[in-house]
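# Examining the three-dimensional arrangement
If you want the building blocks of each chain, they are given just below.
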Amino acid sequence: MTKFSDKDVLLEIRDLKIEGYSDETWVPIIKGVDLTLHRGEVMGLIGESGAGKSTIGAAAMGYARDGTRISDGSIEFDGMELTTATESERRALRGSRIAYVAQSAAASFNPAHKIIDQHTEAPVHYRIQKRMEAQEDAMELYERLRLPNPQEIGFRYPHQVSGGQLQRAMTAMAMACRPDLIIFDEPTTALDVTTQIEVLAAIRDIVDQFNTAAIYITHDLAVVAQMADTIKVLLRGEEVEEAPTEQMLDNPQEDYTKSLWAVRSFQRPQKSRPTDGTLPVISVKNVDAAYTGGVKVLDDVSFDVYPGMTVAVVGESGSGKSTTARVITGLLPPSSGEVLFKGEPLPPRYQDRKRDQLRQAQMIYQMADTALNPKVRINEIIGRPAQFYSGLRGQALKQRVDELLDLIELEPAKFYNRYPPELSGGQKQRIGIARALAAEPDFIICDEVTSALDQLVAEGILKLLDRLQKELGLAYMFITHDLATVRSIADEVVVMQNGKVVEQGPKEEMFTPPHHPYTDLLLSSVPEMDPNWLTTLLEERGVDNIGDAADV
Amino acid sequence: MSIFVIGYYAALIAASCLAAYYKKHGAFMLLFSLTLVSFIIGIIGGVPALRAVTTFAGALALAAGTSYAFKEFLILISKPALAKELRTAPLTASFGMFVIFTYAIAAIFAPWIAPHGESEVISSAFAPPDENMLLGADQLGRDIFSRIIYGARNSVGLALVATLLAFFMGAFAGLMAAVKGGWFDQLMGRLADVIMSIPSLIFALLMLSIFGTNLGVIVIVVAVIYSPRVFRLTRAVAGNIVVMDYIEAAKLRGEGDWYLIRREILPNSTAPLVAEFGLEFCFVFLLIAGLSFLGLGIQPPTADWGSMVRENATLISFGDITPLIPAAAIALLTVAVNFVVDWMLFRSSGLKEQ
Amino acid sequence: MGDLTSLVFKRLGLGLLTLLVVSILIFFAVELLPGDIAQAVLGQGATEETVNAMRQQLGLDRPAPVRYLDWLAGAVQGDFGVSLVSGDRVSSAISERFINTLFLAAYAAAIAVPISIVLGVVVALLRNTLFDRVANVLTLTSISSPEFFLGYILILYLSVKTGMFPALASLKSDMGFFELLHRTFLPALTLVLVVTAHMMRMTRAAIINLLASPYIEMARLKGTPPWKVIVRHALPNAWAPIINVVALNLAYLITGVVLVEVVFVYPGIGQLLVDAVAKRDFPIVQACCLIFAATFILLNLMADVGAILTNPRLRHPK
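Residues numbered from 1 in each chain as written. Chains lettered and ligands numbered in written order. Predicted model: local features only at pLDDT ≥ 70, side-chain atom pairs only at ≥ 80, totals over all residues.

## Some words on the interface of chain A and chain C
- Listed by partner, the interface residues are 22 residues for chain A and 17 residues for chain C.
- Mapped by element, the contributors of at least two residues to the side of chain A that touches chain C are helix H2 (87-93), helix H3 (105-108) and helix H4 (115-125) of chain A.
- For the side of chain A that touches chain C, the leading source of residues is H4 of chain A, giving three residues. (Contact = placed C-beta atoms within 7 Å. Helix = DSSP H or I, 4+ residues; strand = E, 2+ residues; numbered from the N terminus.)

Pasting the structure below:
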């Protein structure tokens, strides 16, 4: 707190309590949080999902979302108490002195109006600028945010502009009245890593230039390290600790914070391919694929997965990594090429595959919520594959389910009869793993299995998968966009872009230069915990190239 | 100034004061604005208008009381999980359940409840009510009250059978279309479009003019007309489920269509399907009532509410409300079902519009 | 713009195709009669000669597809053949009554549409207040009541007991416009009650649906006043659902009109249809069904085209 003097306090939240309405009662979401923000200060609010970050962000504007209410505490913005102010007094602050940048720009721009008309709405409403002046100003902001064609882009409709550009246009819109405070609510979470950089750089610059205070909400530590002066860590509606960024990174005090930092430590030694002539479990050979409509989504994709090894398939959204999984499982027959299982070609359509062929390749999904039927008991979810493939019945089946639950480190007696919605995210993912194991497969496709989980839980899942691989000799195809995960678990890496394999090889080779240019871009775009990372990267790449780099 | 008027205002003002004292702002506003409005009503309509207001408020209070008591009764006799759901039911929904319950009793025990036979002629045409006939006689001298009781059995029973048929056809086709996809899905979708592009009453009239008006024809025609609605809803609900990863997992396991429908899809679509069944029943019931009213539905001498309205309609021009009673019976049941469905839809949509 | 026009034309083509399929359905449904039309109309007691004579007269000796094409060609030009009962031309029986029916539907729509959209928006704004709950109960009650129930209640209270409006909507050719409105007020009001309730509920649902979108929250967080949130941010996106609501209910009016015409003995096409069904006068039944279905399809078509034309994503392609 050295950088900011106590006289310049802009926002002061004291003992804030917020409740949410669920199951016919009000339950506390925020349980007494304090927050002090000075002029020009950027505070990072971090925490796992359900920590109440967004709720606090909205409360800083005196706004309670539908189904929530501020039950206690005070929110003082520049000398004005928001909890007791009238709705119209609070409204007069929004857009003019406190602005908001939402997570999904695509959904938060009104599809019926041009971007610039939405931009000028607040300044014209507050009579800060005339319409034409506001438009001029918008174009200038667009230029500062390095949007292409700043004179013209505002006159497009939101659906005509890409996600990263839209997010920058929304930041420009928040800046329209030169507010004292901007709330950024996970502004880059929905973007790919290479697009994320440009938005981060743009946001940081503009906040610096106008000396605007900001609350930056995210769950990504590395991102917040680039943006914030101060970091506040939240857990289940309560503050864990708060400290200036560097201090927080170097010397976290609380156990919970330390555990967050420690997450990225898990790494296992790399294995190499067997040399005794063992055939690969799965071999993808020159596969092309297209969805109905003829757009080609896979172009000459080939790679091998050997027994007991983990192959990570990396790429951004739209690179074709999930489509490759659909081809292997037979959901999408390839238009040319084939998939071999232990040297034998698999029928392209899953309907034509034999029961035993289906058993050999199993899948674990990203969203455990949609991967487990909410209305089926755990014992049936896990038991069904065992019953279906091995014909187990009665006591034998029960024993097998218990065995599987033991294997995934869940207590059988406690979970046997429960339903998925009663479980936590990590437990659900473990059930998903158990269901795959129940088929006794040789090969498992893990589709972004950790990306929907909080970091500590994700770590647990990765360790479990590693243990199972050792015990059961499984081969994994690990689809992910998260390079930290790749570093910790992969033996080999396949990098994909626009449906093509750009580069592939053993992990250590892939992480040491020289790289393919795209691999390089991908690798360098992943935020690191160093607060100076973004600055250094921008210097290396050259500021003007950032926008272009993302369009590669 | 009659005692009634003095009592009327005294009661209203006392109630407003109580509400204000206990800080029930909504109730206070309601009661006090009613007091103010009553001045105007009293000046314009005099004592009879105030009496009408009192009767109306009394009826409302009675209905609310009955609903509340019935709800508590249901909560006490049902299992804990169900009781928890029932606790969330608004008064309208419990009123609906009460009415449905009453109709069910009337329909099942009709022969024991009704004082006279369904088509038994016991007096002269349009005889006024006496101690033997609660509501008087109809155009042939049959007891109207007895016929209304029997009507519960005939009208509701027929609608229920038609709804069940429509529901099974539509739901089965919808589930199959969602699971199978491809040309079967396309074909069923187009078929539903075509049937739904003819107004339902018109379609029914066309079919009945061709096949005649016996009960079997009515049931089948009505079921065919309304099954596309069920099909569309089921297809949409199941369509949202088949894209789930757990369905993909089951398909990749090699499970058959029937397993998918029975074990994976149906358990997740019961709530919207039950609500749709209620809505569907309302549509079918109103359509059949309309047909009967036009003389093309259930044929005499079977007692049926729609035809009873038609047969006794002439009484209206003499200011007699008797013909309205069977019509009111139709409306009441439909309202009741709609109230319950409204609550179920609100619950299942998870729509908490705070 | 090429995208948009082709979408509209596609939809128009689909509408035409549906109409064609429906016409086939209506025509060939009659072919499903046990025996044939002549047998069905004349009944069991008719002699072989009379039945044969009727067959000759109707041209039943020709194959069905040929008769269908004939019928369709006639229908396109407004000629639906000859009534089996009276022997008059169907088109002359229908034309005047069809105008009467359209008048009644338009009368009801002119009252119902503005009221229900305004009320629907108001109820959406006041959602979960007492007013909203009362409106919910009232509209549910109204849509649950059969049209003849509402109709007879209105007759009882507004005609028999108070004598404000005539109970029977008989028309005379020399009536003035206001007398016409007065005479047809009760049937129109009955339709208004049913349709308004429907439309209000659907408008409310459409708006509430929109109010949950992130861009509405964004507008609120920009400090936009509530009325402006509705007018500037919700309404431009609500046109498609609202147009749909209106079209759907106008289409519903067509069905409702049949029962209401019977209750008020109104000389419209619905009344004619019901009589024809009772007398098994198939040419009239077919003609009425085709007209009702065509209106129904046309309204749905207009709704879809309207939704396409007001969609900003389609109006401004990438």
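## A few points about the domain arrangement of chain A
Residue and element names in this part refer to chain A.
- Domain parsing of chain A yields domain 1 (10-107 + 180-262) and domain 2 (282-512).
- For domain 1 and domain 2, the distance between their C-alpha centroids amounts to 36 Å.
- If you list the elements that add at least two residues to the side of domain 1 that touches domain 2, you get helix H7 (193-210) and helix H10 (255-262).
- Taken together, the residues that form the side of domain 1 that touches domain 2 break down as two nonpolar, three polar and two charged. (Domains from an automatic or database assignment. Nonpolar A, V, L, I, M, F, W, Y, C, P; charged D, E, K, R; others polar.)

## Considerations on the sheet that holds strand S9 (residues 230-235) of chain A
Residues and elements named next belong to chain A.
- If you trace the six strands from one edge of the open sheet to the other, you get S6-S7-S8-S3-S9-S10, paired in mixed fashion. Edge strands, defined here as strands with exactly one partner in the open sheet, are strand S6 (98-101) and strand S10 (238-244). Within the sheet, the average angular offset between the axes of one strand and its neighbour, ignoring direction, is 15°.
- Pairing of S6 with strand S7 (residues 181-185) involves four bridges; the strand directions are parallel. In the sheet register, Val101 faces S7, and the bridge partner there is Phe184.
- In the packing of helix H6 (residues 163-175) onto the sheet, the strands contacted are S6 and S7, and the crossing angle to S6 comes to about 170°. (Pairing = 2+ DSSP bridges. Axes fitted to C-alpha atoms, helices over the stretch in contact; angles between N-to-C directions.)

## Details of the pairing of strand S13 (residues 310-314) of chain A
Residue and element names in this part refer to chain A.
- Most of S13 sits out of view: five of its five residues are buried.
- Neither face of S13 is left uncovered, since the one carrying Thr310, Ala312 and Val314 and the one carrying Val311 and Val313 both have all their residues buried.
- Of the strand pairs in this sheet, S13 and strand S19 (residues 492-497) are connected by four bridges, and their pairing is parallel. Counterpart to Ala312 in the pairing with S19 is Val493. (Buried ≥ 20, exposed ≤ 12 C-beta atoms within 10 Å, placed from the backbone.)

## Overview of helix H17 (residues 425-438) of chain A
Residue and element names in this part refer to chain A.
- For H17, with 14 residues, the first-to-last C-alpha span of 20 Å sits near the 20 Å given by 1.5 Å per residue.
- When H17 is considered as a whole, its buried residues turn out to be Lys428, Gln429, Arg430, Ile431, Gly432, Ile433, Ala434, Arg435, Ala436, Leu437 and Ala438.
- Of the surrounding secondary structure, the elements contacted by the buried residues of H17 are strand S16 (361-364), helix H13 (368-371), helix H14 (378-390), helix H15 (394-407), strand S17 (443-447) and helix H18 (455-472).
- Glu440 lies just past H17 and shows a positive phi near 50°. (Expected span 1.5 Å × (residues − 1).)

## Considerations on the sheet that holds strand S2 (residues 25-38) of chain A
All names here are of chain A.
- In space, the four strands of this open sheet follow the order S2-S1-S4-S5, with antiparallel pairing throughout. Here the strands that pair on one side only, and so sit at the sheet edges, are S2 and strand S5 (80-81).
- Of the strand pairs in this sheet, strand S1 (residues 9-22) and strand S4 (residues 68-77) are connected by eight bridges, and their pairing is antiparallel. Bridging from a neighbouring strand, Arg14 pairs with Ser74 of S4.

## Overview of the environment of Glu448 of chain A
Residue and element names in this part refer to chain A.
- Position of Glu448 relative to the elements: it lies in the loop between S17 and H18.
- For Glu448, a count of 19 C-beta atoms within 10 Å gives the class partly exposed.
- Between the C-alpha atoms of Glu448 and Gln366, which are 82 residues apart in sequence, the distance is 4.9 Å.
- Among all residues touching Glu448, those that are not within four sequence positions of it are Gln366, Ile479 and Thr480.

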